[in-house]
Amino acid sequence: MRRLRALAAAGVLLLAAACSAGADEGGTEDGDARPAPTTASPASPAANPTASPTGSHSAHAAAKPGKQTPLRRGEDRRTLTMQASYTPSAPTGVGTDDYRCFLLDPELERDSWLTGTNVLPGNPDVVHHVILFRVPPEKVAEAEAKDAESADEGWTCFGGTGLAGEFANVDDAPWLGAWAPGGDEAVTRAGYGVDLPRGSRIIMQVHYNLLSGAASDVSSTQIRTMPRSTDLTPLHTFLMPAPVELPCRPGRDDGPLCDRTAAVEDAKARFGQGPGSTADILYFLCGGEPRASRTTSCTRRVQQPVTIIGAAGHMHLLGRSLHIEANPGTPEARTVLDIPLWDFDDQGSRPVGPIRLDTGDTVEITCTHSQRLRDKLPAFAGQQEKYVVWADGTTDEMCLGMLSVAFG
(Lines give C-alpha, C1' and ligand atoms only; values in the text may rest on other atoms or scores of the structure.)
Protein backbone atom coordinates (compact mmCIF):
# COMPACT_ATOMS: atom_id res chain seq x y z
CA MET A 1 0.00 0.00 0.00
CA ARG A 2 2.89 2.38 0.75
CA ARG A 3 4.21 1.90 -2.80
CA LEU A 4 0.77 2.58 -4.27
CA ARG A 5 0.50 5.79 -2.28
CA ALA A 6 3.90 6.75 -3.63
CA LEU A 7 2.52 6.35 -7.12
CA ALA A 8 -0.33 8.68 -6.31
CA ALA A 9 2.21 11.26 -5.16
CA ALA A 10 3.98 10.79 -8.48
CA GLY A 11 0.80 11.82 -10.26
CA VAL A 12 0.25 8.87 -12.58
CA LEU A 13 -3.00 7.73 -11.05
CA LEU A 14 -3.61 4.63 -9.04
CA LEU A 15 -5.49 2.30 -11.33
CA ALA A 16 -7.96 0.09 -9.52
CA ALA A 17 -8.56 -1.92 -12.65
CA ALA A 18 -6.20 -4.70 -13.67
CA CYS A 19 -3.59 -3.37 -16.10
CA SER A 20 -1.28 -5.23 -18.44
CA ALA A 21 1.78 -3.60 -19.97
CA GLY A 22 3.39 -4.56 -23.24
CA ALA A 23 6.41 -3.60 -25.28
CA ASP A 24 7.30 -4.31 -28.86
CA GLU A 25 10.25 -6.54 -29.60
CA GLY A 26 11.39 -4.60 -32.63
CA GLY A 27 13.09 -1.55 -31.17
CA THR A 28 14.25 -0.26 -34.55
CA GLU A 29 14.34 3.46 -35.18
CA ASP A 30 13.00 3.15 -38.72
CA GLY A 31 9.27 3.56 -38.94
CA ASP A 32 6.44 3.19 -36.46
CA ALA A 33 4.81 0.06 -37.78
CA ARG A 34 1.48 -0.61 -36.04
CA PRO A 35 -1.72 -2.16 -37.35
CA ALA A 36 -4.24 0.35 -38.62
CA PRO A 37 -7.14 1.16 -36.25
CA THR A 38 -10.03 -1.28 -36.50
CA THR A 39 -12.60 1.50 -36.49
CA ALA A 40 -11.90 5.19 -36.81
CA SER A 41 -13.66 7.38 -34.29
CA PRO A 42 -15.19 10.57 -35.70
CA ALA A 43 -12.91 12.41 -33.28
CA SER A 44 -9.68 10.74 -34.32
CA PRO A 45 -7.42 13.60 -35.44
CA ALA A 46 -5.70 13.39 -38.77
CA ALA A 47 -1.99 13.92 -39.00
CA ASN A 48 -1.11 17.57 -39.49
CA PRO A 49 -0.23 17.78 -43.19
CA THR A 50 2.08 20.72 -42.53
CA ALA A 51 3.95 19.14 -39.61
CA SER A 52 7.59 18.23 -39.94
CA PRO A 53 8.74 14.66 -39.25
CA THR A 54 9.52 15.74 -35.70
CA GLY A 55 6.33 17.70 -35.17
CA SER A 56 6.82 21.26 -33.97
CA HIS A 57 8.67 20.35 -30.77
CA SER A 58 9.71 23.94 -30.24
CA ALA A 59 9.90 23.58 -26.45
CA HIS A 60 8.19 26.81 -25.42
CA ALA A 61 7.58 28.82 -28.57
CA ALA A 62 3.91 27.78 -28.60
CA ALA A 63 3.22 28.43 -24.91
CA LYS A 64 0.63 31.09 -25.67
CA PRO A 65 -2.86 31.63 -24.25
CA GLY A 66 -5.47 29.36 -25.75
CA LYS A 67 -8.09 30.86 -28.04
CA GLN A 68 -11.42 31.61 -26.40
CA THR A 69 -14.87 30.73 -27.68
CA PRO A 70 -18.05 32.71 -26.92
CA LEU A 71 -19.82 32.04 -23.65
CA ARG A 72 -23.00 29.98 -23.79
CA ARG A 73 -26.28 30.91 -22.15
CA GLY A 74 -25.96 30.81 -18.37
CA GLU A 75 -22.15 30.70 -18.34
CA ASP A 76 -19.84 33.07 -16.51
CA ARG A 77 -16.09 33.42 -17.06
CA ARG A 78 -13.66 34.49 -14.36
CA THR A 79 -9.88 34.89 -14.33
CA LEU A 80 -7.78 33.60 -11.41
CA THR A 81 -4.19 34.87 -11.12
CA MET A 82 -1.22 34.00 -8.92
CA GLN A 83 -1.01 36.41 -6.00
CA ALA A 84 2.66 37.18 -6.62
CA SER A 85 5.38 36.42 -9.13
CA TYR A 86 7.45 33.27 -8.80
CA THR A 87 10.93 32.60 -10.15
CA PRO A 88 11.39 28.86 -10.72
CA SER A 89 14.46 26.85 -9.78
CA ALA A 90 15.34 23.16 -9.54
CA PRO A 91 14.13 22.31 -5.98
CA THR A 92 16.69 19.53 -5.45
CA GLY A 93 19.49 21.57 -7.02
CA VAL A 94 19.70 19.01 -9.85
CA GLY A 95 18.02 19.17 -13.23
CA THR A 96 16.15 21.82 -15.23
CA ASP A 97 12.55 21.38 -14.05
CA ASP A 98 10.36 22.83 -11.31
CA TYR A 99 6.77 21.78 -10.57
CA ARG A 100 5.01 24.45 -8.51
CA CYS A 101 1.45 24.51 -7.14
CA PHE A 102 -0.48 27.75 -6.65
CA LEU A 103 -3.71 27.95 -4.65
CA LEU A 104 -6.42 29.99 -6.37
CA ASP A 105 -9.81 31.06 -5.03
CA PRO A 106 -12.65 31.22 -7.58
CA GLU A 107 -14.81 32.99 -4.93
CA LEU A 108 -17.90 31.00 -5.80
CA GLU A 109 -21.05 32.41 -4.27
CA ARG A 110 -23.06 29.25 -4.98
CA ASP A 111 -22.63 25.62 -5.92
CA SER A 112 -21.60 25.55 -9.57
CA TRP A 113 -20.72 23.49 -12.59
CA LEU A 114 -17.34 24.06 -14.21
CA THR A 115 -17.90 24.05 -17.97
CA GLY A 116 -14.55 25.17 -19.35
CA THR A 117 -10.93 26.04 -18.57
CA ASN A 118 -8.25 28.13 -20.18
CA VAL A 119 -4.66 28.98 -19.23
CA LEU A 120 -2.84 32.27 -19.66
CA PRO A 121 0.89 31.47 -19.32
CA GLY A 122 2.61 34.54 -17.95
CA ASN A 123 6.10 33.71 -19.21
CA PRO A 124 6.11 31.41 -22.25
CA ASP A 125 9.88 30.92 -21.92
CA VAL A 126 9.52 28.87 -18.74
CA VAL A 127 5.93 27.53 -18.66
CA HIS A 128 5.94 23.95 -19.99
CA HIS A 129 2.41 22.77 -19.11
CA VAL A 130 -0.34 23.35 -16.54
CA ILE A 131 -2.79 21.08 -14.70
CA LEU A 132 -5.77 22.38 -12.72
CA PHE A 133 -6.91 20.40 -9.67
CA ARG A 134 -10.14 20.72 -7.69
CA VAL A 135 -9.87 21.25 -3.92
CA PRO A 136 -13.23 20.45 -2.26
CA PRO A 137 -14.30 22.61 0.69
CA GLU A 138 -13.27 19.96 3.25
CA LYS A 139 -9.67 19.98 1.90
CA VAL A 140 -9.20 23.76 1.73
CA ALA A 141 -7.62 24.06 5.19
CA GLU A 142 -5.03 21.42 4.27
CA ALA A 143 -4.26 23.21 1.01
CA GLU A 144 -3.88 26.55 2.79
CA ALA A 145 -1.50 24.97 5.30
CA LYS A 146 0.54 23.53 2.43
CA ASP A 147 0.66 26.94 0.80
CA ALA A 148 1.88 28.55 4.03
CA GLU A 149 4.87 26.19 4.33
CA SER A 150 6.92 28.16 1.79
CA ALA A 151 7.91 31.82 1.97
CA ASP A 152 7.74 31.95 -1.82
CA GLU A 153 4.53 31.84 -3.79
CA GLY A 154 3.09 28.30 -3.91
CA TRP A 155 4.84 25.04 -3.04
CA THR A 156 6.91 22.33 -4.73
CA CYS A 157 4.67 19.55 -6.08
CA PHE A 158 6.27 17.07 -8.46
CA GLY A 159 3.67 14.57 -9.69
CA GLY A 160 0.56 15.77 -7.89
CA THR A 161 -0.55 18.48 -5.47
CA GLY A 162 0.95 16.89 -2.37
CA LEU A 163 -2.43 16.81 -0.60
CA ALA A 164 -3.30 13.61 1.24
CA GLY A 165 -5.41 11.09 -0.68
CA GLU A 166 -5.64 13.21 -3.83
CA PHE A 167 -5.95 10.10 -6.01
CA ALA A 168 -7.93 7.94 -3.59
CA ASN A 169 -10.79 7.67 -6.10
CA VAL A 170 -8.76 6.24 -8.92
CA ASP A 171 -11.34 6.45 -11.69
CA ASP A 172 -12.29 10.02 -10.84
CA ALA A 173 -9.09 12.04 -10.71
CA PRO A 174 -9.39 15.53 -9.19
CA TRP A 175 -8.32 17.17 -12.46
CA LEU A 176 -10.39 20.10 -13.68
CA GLY A 177 -8.36 20.66 -16.81
CA ALA A 178 -4.95 20.38 -18.37
CA TRP A 179 -3.16 22.71 -20.74
CA ALA A 180 -0.09 22.21 -22.87
CA PRO A 181 1.27 24.02 -25.93
CA GLY A 182 -1.34 24.17 -28.66
CA GLY A 183 -4.25 23.89 -26.25
CA ASP A 184 -7.11 26.36 -26.66
CA GLU A 185 -9.88 27.03 -24.16
CA ALA A 186 -11.33 23.64 -23.24
CA VAL A 187 -15.13 23.70 -23.17
CA THR A 188 -17.35 20.83 -22.09
CA ARG A 189 -19.89 19.40 -24.48
CA ALA A 190 -23.34 20.97 -24.08
CA GLY A 191 -25.23 19.30 -21.25
CA TYR A 192 -22.11 18.30 -19.26
CA GLY A 193 -20.12 19.89 -16.44
CA VAL A 194 -17.77 19.19 -13.52
CA ASP A 195 -19.20 19.66 -10.03
CA LEU A 196 -17.58 22.63 -8.26
CA PRO A 197 -19.22 23.32 -4.86
CA ARG A 198 -19.23 26.71 -3.21
CA GLY A 199 -16.12 27.09 -1.06
CA SER A 200 -13.94 25.05 -3.41
CA ARG A 201 -10.45 26.14 -4.38
CA ILE A 202 -8.37 25.39 -7.46
CA ILE A 203 -4.74 24.36 -7.50
CA MET A 204 -2.84 25.45 -10.60
CA GLN A 205 0.18 23.17 -11.00
CA VAL A 206 2.73 24.74 -13.35
CA HIS A 207 5.59 22.74 -14.82
CA TYR A 208 8.45 25.18 -15.32
CA ASN A 209 11.34 24.20 -17.58
CA LEU A 210 14.65 25.97 -17.10
CA LEU A 211 16.46 25.00 -20.30
CA SER A 212 16.24 28.63 -21.42
CA GLY A 213 17.19 29.92 -17.97
CA ALA A 214 15.18 30.99 -14.91
CA ALA A 215 12.80 33.94 -15.19
CA SER A 216 9.87 35.13 -13.10
CA ASP A 217 6.31 34.22 -13.97
CA VAL A 218 2.79 35.30 -13.10
CA SER A 219 0.35 32.93 -14.80
CA SER A 220 -3.44 32.84 -14.71
CA THR A 221 -6.26 30.45 -15.42
CA GLN A 222 -9.75 31.18 -16.62
CA ILE A 223 -12.78 29.07 -15.74
CA ARG A 224 -16.32 28.96 -17.06
CA THR A 225 -19.09 28.21 -14.59
CA MET A 226 -22.84 27.66 -14.54
CA PRO A 227 -25.11 27.61 -11.48
CA ARG A 228 -25.56 24.13 -9.99
CA SER A 229 -29.30 24.53 -10.50
CA THR A 230 -28.72 23.96 -14.22
CA ASP A 231 -29.45 20.34 -15.15
CA LEU A 232 -26.11 18.99 -16.39
CA THR A 233 -24.53 15.52 -16.45
CA PRO A 234 -21.43 15.29 -14.20
CA LEU A 235 -18.09 14.72 -15.93
CA HIS A 236 -15.09 12.87 -14.50
CA THR A 237 -11.44 12.44 -15.50
CA PHE A 238 -10.20 8.90 -16.21
CA LEU A 239 -6.41 8.76 -16.54
CA MET A 240 -4.39 6.11 -18.37
CA PRO A 241 -0.60 6.02 -17.86
CA ALA A 242 1.75 3.51 -19.46
CA PRO A 243 5.45 2.87 -18.82
CA VAL A 244 8.24 4.32 -20.97
CA GLU A 245 11.34 2.13 -21.57
CA LEU A 246 13.30 3.82 -24.37
CA PRO A 247 16.86 2.44 -24.65
CA CYS A 248 19.93 4.24 -25.94
CA ARG A 249 20.74 3.62 -29.58
CA PRO A 250 23.34 1.05 -30.63
CA GLY A 251 26.73 2.73 -30.86
CA ARG A 252 25.62 5.43 -28.40
CA ASP A 253 24.89 3.18 -25.46
CA ASP A 254 28.16 3.40 -23.53
CA GLY A 255 27.20 6.44 -21.45
CA PRO A 256 26.60 6.11 -17.68
CA LEU A 257 22.87 6.85 -17.99
CA CYS A 258 22.29 4.23 -20.70
CA ASP A 259 21.82 1.74 -17.87
CA ARG A 260 18.18 1.63 -16.73
CA THR A 261 19.01 1.46 -13.04
CA ALA A 262 21.25 4.52 -13.34
CA ALA A 263 18.52 6.39 -15.25
CA VAL A 264 15.95 5.71 -12.51
CA GLU A 265 18.39 6.81 -9.82
CA ASP A 266 19.01 10.00 -11.78
CA ALA A 267 15.24 10.69 -11.81
CA LYS A 268 15.12 10.18 -8.03
CA ALA A 269 17.98 12.65 -7.59
CA ARG A 270 16.16 15.28 -9.63
CA PHE A 271 12.58 14.80 -8.38
CA GLY A 272 12.78 12.95 -5.08
CA GLN A 273 12.32 9.29 -4.16
CA GLY A 274 8.53 9.18 -4.67
CA PRO A 275 8.12 10.85 -8.09
CA GLY A 276 11.47 9.46 -9.23
CA SER A 277 10.27 5.90 -8.57
CA THR A 278 7.29 6.13 -10.92
CA ALA A 279 9.07 4.17 -13.68
CA ASP A 280 9.17 1.12 -11.40
CA ILE A 281 5.85 1.60 -9.60
CA LEU A 282 3.91 1.63 -12.87
CA TYR A 283 4.49 -2.11 -13.14
CA PHE A 284 2.47 -2.69 -9.97
CA LEU A 285 -0.44 -1.27 -11.96
CA CYS A 286 0.21 -2.35 -15.51
CA GLY A 287 1.77 -5.72 -14.81
CA GLY A 288 4.74 -7.17 -16.63
CA GLU A 289 8.30 -6.04 -16.09
CA PRO A 290 10.62 -3.44 -17.65
CA ARG A 291 11.80 -4.33 -21.15
CA ALA A 292 13.67 -1.90 -23.40
CA SER A 293 11.49 -0.86 -26.31
CA ARG A 294 10.37 2.08 -28.41
CA THR A 295 6.70 1.13 -27.95
CA THR A 296 4.94 0.44 -24.66
CA SER A 297 1.30 0.05 -23.61
CA CYS A 298 -1.06 -0.46 -20.69
CA THR A 299 -4.59 -1.88 -20.67
CA ARG A 300 -7.27 -0.97 -18.15
CA ARG A 301 -10.42 -2.95 -17.39
CA VAL A 302 -13.46 -0.72 -16.86
CA GLN A 303 -14.99 -1.10 -13.39
CA GLN A 304 -18.35 0.54 -14.08
CA PRO A 305 -20.28 1.69 -17.16
CA VAL A 306 -18.87 4.92 -18.63
CA THR A 307 -19.40 7.06 -21.70
CA ILE A 308 -16.28 8.69 -23.17
CA ILE A 309 -16.93 12.12 -24.66
CA GLY A 310 -13.41 13.57 -24.85
CA ALA A 311 -9.79 12.43 -24.99
CA ALA A 312 -6.28 13.86 -24.92
CA GLY A 313 -2.78 12.46 -24.85
CA HIS A 314 0.43 13.64 -23.25
CA MET A 315 4.03 12.85 -24.12
CA HIS A 316 7.19 14.96 -24.21
CA LEU A 317 9.72 15.79 -26.91
CA LEU A 318 10.67 12.23 -27.91
CA GLY A 319 7.06 11.21 -28.51
CA ARG A 320 6.35 9.74 -31.93
CA SER A 321 2.78 8.40 -31.86
CA LEU A 322 -0.03 7.78 -29.36
CA HIS A 323 -3.06 5.52 -29.71
CA ILE A 324 -5.98 4.76 -27.38
CA GLU A 325 -8.35 1.93 -28.28
CA ALA A 326 -11.40 0.45 -26.59
CA ASN A 327 -11.75 -3.35 -26.51
CA PRO A 328 -8.67 -3.96 -28.69
CA GLY A 329 -8.48 -7.27 -30.49
CA THR A 330 -12.25 -7.84 -30.37
CA PRO A 331 -15.10 -7.26 -32.85
CA GLU A 332 -16.16 -4.32 -30.65
CA ALA A 333 -12.79 -2.55 -31.00
CA ARG A 334 -13.06 1.22 -31.46
CA THR A 335 -10.40 3.88 -31.72
CA VAL A 336 -10.76 6.49 -29.01
CA LEU A 337 -7.79 8.66 -29.97
CA ASP A 338 -5.18 8.21 -32.70
CA ILE A 339 -2.21 10.55 -33.09
CA PRO A 340 -0.01 8.96 -35.78
CA LEU A 341 2.48 11.85 -35.76
CA TRP A 342 2.93 13.36 -32.32
CA ASP A 343 3.34 17.14 -32.18
CA PHE A 344 4.40 18.49 -28.78
CA ASP A 345 2.86 21.84 -29.69
CA ASP A 346 -0.60 20.37 -30.32
CA GLN A 347 -1.84 18.66 -27.16
CA GLY A 348 -5.41 19.89 -27.01
CA SER A 349 -8.30 17.62 -26.09
CA ARG A 350 -10.45 16.13 -28.86
CA PRO A 351 -14.20 15.44 -28.68
CA VAL A 352 -15.02 11.74 -28.88
CA GLY A 353 -17.94 9.60 -30.02
CA PRO A 354 -19.58 9.35 -27.55
CA ILE A 355 -18.23 5.84 -26.87
CA ARG A 356 -20.09 3.66 -24.38
CA LEU A 357 -18.13 1.11 -22.32
CA ASP A 358 -19.64 -1.45 -19.96
CA THR A 359 -18.18 -3.10 -16.89
CA GLY A 360 -15.41 -5.49 -17.95
CA ASP A 361 -14.61 -3.72 -21.21
CA THR A 362 -10.99 -2.69 -21.74
CA VAL A 363 -9.18 0.45 -22.84
CA GLU A 364 -5.57 0.36 -24.03
CA ILE A 365 -3.05 3.15 -24.52
CA THR A 366 0.03 2.63 -26.71
CA CYS A 367 2.89 5.10 -27.12
CA THR A 368 5.94 5.09 -29.37
CA HIS A 369 9.02 7.22 -28.69
CA SER A 370 12.19 7.82 -30.72
CA GLN A 371 15.73 8.64 -29.60
CA ARG A 372 16.48 9.95 -33.10
CA LEU A 373 14.64 13.15 -32.20
CA ARG A 374 17.45 14.04 -29.80
CA ASP A 375 19.57 14.87 -32.86
CA LYS A 376 17.01 17.36 -34.18
CA LEU A 377 15.68 19.23 -31.16
CA PRO A 378 17.45 22.19 -29.47
CA ALA A 379 16.31 21.04 -26.00
CA PHE A 380 18.75 18.11 -26.19
CA ALA A 381 21.78 20.09 -27.35
CA GLY A 382 24.81 19.19 -25.25
CA GLN A 383 22.97 16.45 -23.32
CA GLN A 384 24.26 12.89 -23.23
CA GLU A 385 21.99 10.16 -24.50
CA LYS A 386 20.28 8.17 -21.76
CA TYR A 387 17.86 5.32 -21.18
CA VAL A 388 14.55 7.22 -20.99
CA VAL A 389 11.92 6.26 -18.40
CA TRP A 390 8.75 7.91 -17.11
CA ALA A 391 9.80 11.05 -15.21
CA ASP A 392 8.70 14.64 -14.79
CA GLY A 393 11.37 16.49 -16.74
CA THR A 394 10.94 18.01 -20.19
CA THR A 395 13.73 15.81 -21.55
CA ASP A 396 12.32 12.75 -19.76
CA GLU A 397 9.20 11.10 -21.13
CA MET A 398 5.61 10.20 -20.34
CA CYS A 399 2.80 8.19 -21.92
CA LEU A 400 -0.54 9.38 -20.60
CA GLY A 401 -4.12 9.35 -21.82
CA MET A 402 -6.80 11.58 -20.34
CA LEU A 403 -10.43 10.61 -20.90
CA SER A 404 -13.41 12.80 -20.08
CA VAL A 405 -16.19 10.43 -19.06
CA ALA A 406 -19.70 10.31 -17.65
CA PHE A 407 -20.53 7.46 -15.28
CA GLY A 408 -23.54 5.20 -15.71
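Here, the structure is the one placed above.
So, here's what we can say about the structure. (Residues numbered from 1 in each chain as written. Predicted model: local features only at pLDDT ≥ 70, side-chain atom pairs only at ≥ 80, totals over all residues. Heavy atoms only, no water.)

### What about the overall build of the chain?
Step number 1: Along the backbone of the chain there are five helices and 22 strands.
Step number 2: Within the chain, residue pairs in contact and separated by at least 24 positions form 87% of the contacts whose partners lie at least 6 positions apart.
Step number 3: Within the structure as shown, the chain displays about 16300 Å² of accessible surface, and the carbon and sulfur contribution to it stands at 50%. (Helix = DSSP H or I, 4+ residues; strand = E, 2+ residues; numbered from the N terminus. Contact = heavy atoms within 4.5 Å. Areas by Shrake-Rupley, 256 points an atom, 1.4 Å probe, with all protein chains shown as cover.)

### A look at the sheet that holds strand E5 (residues 127–135)
Step number 1: Spatially, five strands are ordered E6-E3-E10-E5-E7 in an open sheet, and the strand pairing comes out antiparallel. Of all strands in the sheet, those bounded by a partner on one side alone are strand E6 (155–156) and strand E7 (175–179).
Step number 2: In this sheet, strand E10 (residues 201–209) lies alongside strand E3 (residues 97–104) in antiparallel orientation, the contact comprising eight bridges. Within E10, the position partnered with Tyr99 by the bridge is His207. (Pairing = 2+ DSSP bridges.)

### As for the packing of aromatic side chains
Step number 1: Counting across every chain of the model gives five aromatic pairs.
Step number 2: Relative to Trp175, the ring of Phe133 has its centre 6.0 Å away and its plane inclined at 75°; by these criteria the two rings are edge-to-face. Of this pair, Phe133 sits in strand E5 while Trp175 sits in strand E7, placing them 42 residues apart in sequence.
Step number 3: With relative accessibility at 2%, the residue Phe133 sits in the buried group.
Step number 4: Overall, the relative accessible area of 8% leaves Trp175 in the buried class.
Step number 5: Centre to centre, the rings of Phe158 and Phe271 are 5.0 Å apart; their planes meet at 65°, and the pair counts as edge-to-face. Taken together, the positions of Phe158 in the loop between E6 and E7 and Phe271 in helix H3 (residues 260–271) put the pair 113 residues apart, joining distant regions of the chain.
Step number 6: Linked through ring pairs, Tyr86, Phe102 and Tyr208 together constitute an aromatic cluster. (Phe/Tyr/Trp six-rings, centres within 6.5 Å; stacked < 30°, edge-to-face > 60°. Buried < 20%, exposed > 50% of the residue type's maximum accessible area, 1.4 Å probe, protein only.)

### So, the state of the cysteines
Two cysteines form a disulfide when their sulfur atoms are joined by a covalent bond.
Step number 1: Within the structure shown, the criterion is met by four disulfides.
Step number 2: The partner cysteine of Cys286 in its disulfide is Cys298, sulfur to sulfur 2.2 Å. Classification of the bridge connecting Cys286 and Cys298 rests on its S-S torsion, roughly -100°, and on that basis the disulfide is left-handed. Taken together, the positions of Cys286 in helix H5 (residues 278–286) and Cys298 in strand E15 (residues 295–301) put the pair 12 residues apart, joining distant regions of the chain.
Step number 3: In the chain, numbering the disulfide-bonded cysteines from first to last in sequence yields the connectivity 1-2, 3-4, 5-6, 7-8. (Disulfide = S-S within 2.5 Å.)

### A word on the pattern of salt bridges
Where charged atoms from two side chains of opposite charge come close, those side chains can pair.
Step number 1: Inspection of the entire model under this criterion finds 20 salt bridges.
Step number 2: We note a salt bridge from Asp266 to Arg270, for which the minimum N-O separation is 3.0 Å. Highlighted residues: Asp266 and Arg270, both in helix H3, separated by four residues, approximately one helical turn.
Step number 3: The salt bridge partner of Arg356 is Asp358, with a shortest N-O separation of 3.2 Å.
Step number 4: Connected through shared salt-bridge partners, Arg72, Glu75, Arg77, Glu185 and Arg224 make up one network. (Salt bridge = Lys/Arg side-chain N within 4 Å of Asp/Glu carboxyl O.)

### What to know about the pairing of strand E17 (residues 319–326)
The side chains of a regular strand alternate, residue by residue, between the two faces of the sheet.
Step number 1: Of all eight residues that make up E17, eight are buried, and the element is covered over most of its length.
Step number 2: Pairing of E17 with strand E20 (residues 362–369) involves seven bridges; the strand directions are antiparallel. Residue pairing across strands places Leu322 opposite Cys367, the latter belonging to E20.

### Points about the pairing of strand E16 (residues 306–314)
Step number 1: Counting buried positions along E16 yields nine of nine residues, so the element is predominantly enclosed.
Step number 2: In this sheet, strand E19 (residues 350–357) lies alongside E16 in antiparallel orientation, the contact comprising five bridges. By the bridge assignment, Thr307 is partnered in E19 with Arg356.
Step number 3: Two elements, E16 and strand E22 (residues 400–407), share eight bridges in a ladder whose sense is antiparallel. What sits directly across from Gly310, in E22, is Ser404.

### As for the sheet that holds E22
Step number 1: As summarised here, the arrangement of the four strands in space is E13-E22-E16-E19, forming an open sheet in which the pairing is antiparallel. Each edge of the open sheet is held by one strand with a lone partner, namely strand E13 (236–241) and E19. Adjacent strand axes in the sheet meet at a mean angle of 30° when their direction is disregarded. (Axes fitted to C-alpha atoms, helices over the stretch in contact; angles between N-to-C directions.)

### What to know about the nonpolar core
Step number 1: Judged by nonpolar contacts, the single largest core of 36 residues is most densely connected at Ile308, Ile324, Val336, Leu357, Ile365 and Leu403.
Step number 2: Residue assignment for this core shows that the elements contributing at least two residues are E13, E16, E17, strand E18 (334–339), E19, E20 and E22.
Step number 3: The contacts of Ile308, once residues within four sequence positions are left out, are Val336, Val352, Pro354, Ile355, Leu357, Leu403, Ser404 and Val405. (Core = buried A, V, L, I, M, F, W, Y, C linked by side-chain atoms within 4.5 Å.)

### Observations concerning the environment of Pro354
Step number 1: One can find Pro354 in strand E19.
Step number 2: If we ignore the near neighbours within four places in the chain, the residues touching Pro354 are Arg189, Thr307, Ile308, Ile309 and Arg334.

### As for H5
Step number 1: Counting buried positions along H5 gives seven out of nine residues, so the element sits mostly inside the fold.
Step number 2: When we look at burial in H5, the residues that qualify are Thr278, Ala279, Ile281, Leu282, Tyr283, Leu285 and Cys286.
Step number 3: Immediately beyond the C-terminal end of H5, within one or two residues, lies Gly287, with a positive phi of roughly 75°.

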